[in-house]
Amino acid sequence: MSWQTLLRRHEQQFVDELVEFCRIPSVSTTPEHAGDVTAAANWVASRMTAAGLEHVEVVPSAGHPVVYGDWLHAGDAPTVLIYGHFDVQPANPIDAWTSPPFQPEVRDGRLYARGASDDKGNMLAPVLTAEAMLAIGALPVNVKFLFEGEEEIGSPNLPPVFQTHVDRFACDIVYSADGGQRSEEQPSLTTAFRGICGLHLIVRGPHSDLHSGIYGGTVNNPALALSEILASMRNSQGKVVVEGFYDDIEPVSEEMQEIVDASPIDNDAYREGLGVPELFREPGYSTRQVSWLRPTLEVDGMWSGALGDGRRAIVPAEAHAKLSCRLVPDQSPEYVLDCLRRHIEDHTPRGVTAEVRTIPISSAAYHMPVGHPGNRVAANVLADLYGREPLIGLSGGTIAILNMFRKYLSAYTVSFAFALGDENQHGPDEFFRLSSFARAQSAYGQLFEALASTSL
């Protein structure tokens, strides 16, 4: 019996297990779900043990835990580390979901649940593949698994874990089960990710909310002051005007530009898919260039004063905004945050004060050489699975741990996952195609076999 036959035989069991996994509300961004993140870690550890993996352990950190396991009996074959994450984004707004986000539901060959696509379906697949291969004998390569519970908050507590367990995690290469493909018909290999940094801005005025009829007009309104600060950060054409923001950015390499040119965007289809009346981007750059190669500054959220239904006629005591910047190679997250702090200090209106709190999601951009042997193996597997060569792509998103793999393990990471761009990751009605779930399992089996004869 082959491992492929075993995977097909247990297909419904695996879907049922993914449903069970997705029921755990492992939201890492809010303290009230800390216990749920730990519960997800324990679920993963239990499933890895059942799969036949060894040395399985829930490794504590200063924040959410890490789960480790391995199988290291393939002699001189390469040692491969498989990475993924079991934490998820918040599910707000709950009422925008067709079915409750943590009550998974299968509809039309899709599993709808928070975390189904990002990243529980993707990260579970290689564990199931390893189980099938072990059931018929052995794995063709040495395999380690490292799954974390902090990806959605930038993996802030992972560096000390790496420092403590660097020998344990040592490997020849990392394959990330967090990512995706271009479409159901077109595979892709992502070789670069933008970095990220963020801050929480609090503008304060009076010591408490004031009656707007009595005190309005006599003090500066923090909500209006916050709006003024934010508006000063970008001009009407979409260019960031924070002094120093674009410092240190090197010209785009020829290799990067070729990758961008090979993946043009149909602007009309892109706009219609997003539901906006027109695109708005930094002048002088294409949509693809802006989404892959240019830094950005975005307001993730704003709040102040009278929220919810009903009316409160007030001047609010304070106003809040959370900002994030996506960064490109050579940009330092620390330097960009310093630029933002100076800009806020220089542009805070009279009559209010501004406090800046750094959000712990800092990470530099990441780039892997396209011609690395690990990429070539993945490309061959994808070409066999899809019947066409993968497109080389970049990502506007961020996976903070990739730079940690380079720093602590001296290992590059290949993105090898099967989410698709329309699966509403981070939004309502997130889903994962069950066909992609099955394809990911087959892909990892072929990958393990191909790596057995590869020099890394």
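Everything numeric here is computed off the predicted structure, so don't read it as measured data.

A.B. asks: Break down the sheet that holds strand E15 (residues 366-367) for me, citing the residues and quoting the values.
C.D. replies: The strand order across the open sheet built from three strands is E15-E8-E16, with neighbouring strands paired in mixed fashion. Each having just a single partner strand, E15 and strand E16 (391-395) make up the two edges of the open sheet. Where strand E8 (residues 188-193) lies against E15, two bridges are found, and the strand directions are antiparallel. Looking across to E15, one finds that Ala192 is bridged to His367.

A.B. asks: Account for the sheet that holds strand E5 (residues 110-112), naming residues and giving values.
C.D. replies: The three strands are arranged E4-E5-E18 in an open sheet whose pairing can be described as antiparallel. Of all strands in the sheet, those bounded by a partner on one side alone are strand E4 (105-107) and strand E18 (431-433). For this sheet, the mean angle separating the axes of adjacent strands, direction not counted, is 25 degrees. Alignment of E4 against E5, held across three bridges, turns out to be antiparallel. Across the sheet, Arg107 pairs through a bridge with Arg110, a residue of E5. Set on the sheet, helix H4 (residues 116-135) makes contact with E5 and E18; between it and E18 the angle comes to about 40 degrees.

A.B. asks: Break down the packing of aromatic side chains for me, with residues and values.
C.D. replies: Inspection of the entire model under this criterion finds 14 aromatic pairs. When the centroid spacing of 5.7 Å and the interplanar angle of 75 degrees are considered together, the rings of Tyr83 and Phe405 count as edge-to-face. In this pair, Tyr83 sits in strand E3 (residues 79-85) while Phe405 sits in helix H13 (residues 401-409), placing the two residues 322 residues apart along the sequence. Residue Tyr83 shares its accessibility class with Phe405, and that shared class is buried. Plain terms: the ring middles of Phe162 and Tyr408 are 5.5 Å apart, the flat faces sit at 5 degrees to each other, and that makes the pair stacked. Of this pair, Phe162 sits in helix H5 (residues 158-169) while Tyr408 is found in helix H13, placing the two residues 246 residues apart along the sequence. Taken together, the aromatic side chains of Tyr68, Tyr83, Phe162, Phe169, Phe405 and Tyr408 make up a single cluster linked through ring pairs. The lysine or arginine in question, Arg288, covers the ring of Trp292, its NZ or CZ lying 4.2 Å from the ring centre. If you follow Arg406 out to its NZ or CZ, it ends over the ring of Tyr412, 3.8 Å from the centre.

A.B. asks: Describe H13, naming the residues involved and giving the relevant values.
C.D. replies: By the burial criterion, the buried members of H13 are Ile401, Leu402, Met404, Phe405, Tyr408 and Leu409. Buried positions in H13, seen along its axis, are confined to an arc of 155 degrees and lie on one side of it. A positive phi of about 55 degrees marks Ser410, the residue just after H13.

A.B. asks: Break down the packing of H4 against helix H14 (residues 434-451) for me, citing the residues and quoting the values.
C.D. replies: Helices that pack against each other are described as a pair by the angle of their axes relative to one another and the distance between those axes. Where H4 contacts H14, the axes come no closer than 8 Å and their chain directions differ by 55 degrees. Overall, the two elements H4 and H14 adopt an arrangement that is oblique. Helix-helix and strand crossings are classified by hand; for H4 and H14 the assignment is right-handed. Across from Gly121, Leu124, Ala125, Pro126, Leu128, Thr129 and Met133 in H4, the residues of H14 making contact are Phe437, Ala440, Gln441, Tyr444, Gly445, Phe448 and Glu449. Class assignment of the residues belonging to the contact of H4 with H14 gives a composition of nine nonpolar, four polar and one charged.

A.B. asks: Account for the environment of Phe431, naming residues and giving values.
C.D. replies: For Phe431, the position within the fold is in strand E18. Phe431 gets classed as buried once you look at its relative accessible area, which sits at 4%. When the C-alpha positions of Phe431 and Val15 are compared, they lie 13 Å apart, and in sequence the two are 416 residues distant. Dropping the residues within four chain positions of it, Phe431 is found in contact with Arg110, Leu111, Tyr112, Ala116, Ser117, Asp422, Glu423 and Asn424.

A.B. asks: Tell me what's going on with helix H12 (residues 373-386), and back it up with residues and numbers.
C.D. replies: Between its first and last C-alpha atoms H12 spans 20 Å; for 14 residues at 1.5 Å apiece the expected length is 20 Å, and the two agree. Among the residues of H12, Gly374, Asn375, Val377, Ala378, Ala379, Val381, Leu382, Ala383 and Tyr386 are the ones counted as buried. Looking at the residues trailing H12, positive phi occurs at Gly387, about 75 degrees.

A.B. asks: Provide a residue-level description of the environment of Val370, including the pertinent values.
C.D. replies: Tracing the backbone through its elements, the reader meets Val370 in the loop between E15 and H12. As for Val370 and Ile392, which are separated by 22 residues in sequence, their C-alpha atoms are 7.9 Å apart. Not counting the four nearest positions on each side in its chain, Val370 is found in contact with Thr191, Glu255, Ile259, Asn375 and Ile392.

Here is what the cut-offs are and how they apply
Residues numbered from 1 in each chain as written. Predicted model: local features only at pLDDT ≥ 70, side-chain atom pairs only at ≥ 80, totals over all residues. Heavy atoms only, no water. Pairing = 2+ DSSP bridges. Helix = DSSP H or I, 4+ residues; strand = E, 2+ residues; numbered from the N terminus. Axes fitted to C-alpha atoms, helices over the stretch in contact; angles between N-to-C directions. Contact = heavy atoms within 4.5 Å. Phe/Tyr/Trp six-rings, centres within 6.5 Å; stacked < 30°, edge-to-face > 60°. Buried < 20%, exposed > 50% of the residue type's maximum accessible area, 1.4 Å probe, protein only. Lys NZ or Arg CZ within 6 Å of the ring centre and 35° of its normal. Arc of directions from axis to C-beta. Parallel < 35°, antiparallel > 145°, perpendicular 65-115°, else oblique. Left-handed = near helix turned anticlockwise from the far one by under 90°. Nonpolar A, V, L, I, M, F, W, Y, C, P; charged D, E, K, R; others polar. Expected span 1.5 Å × (residues − 1).

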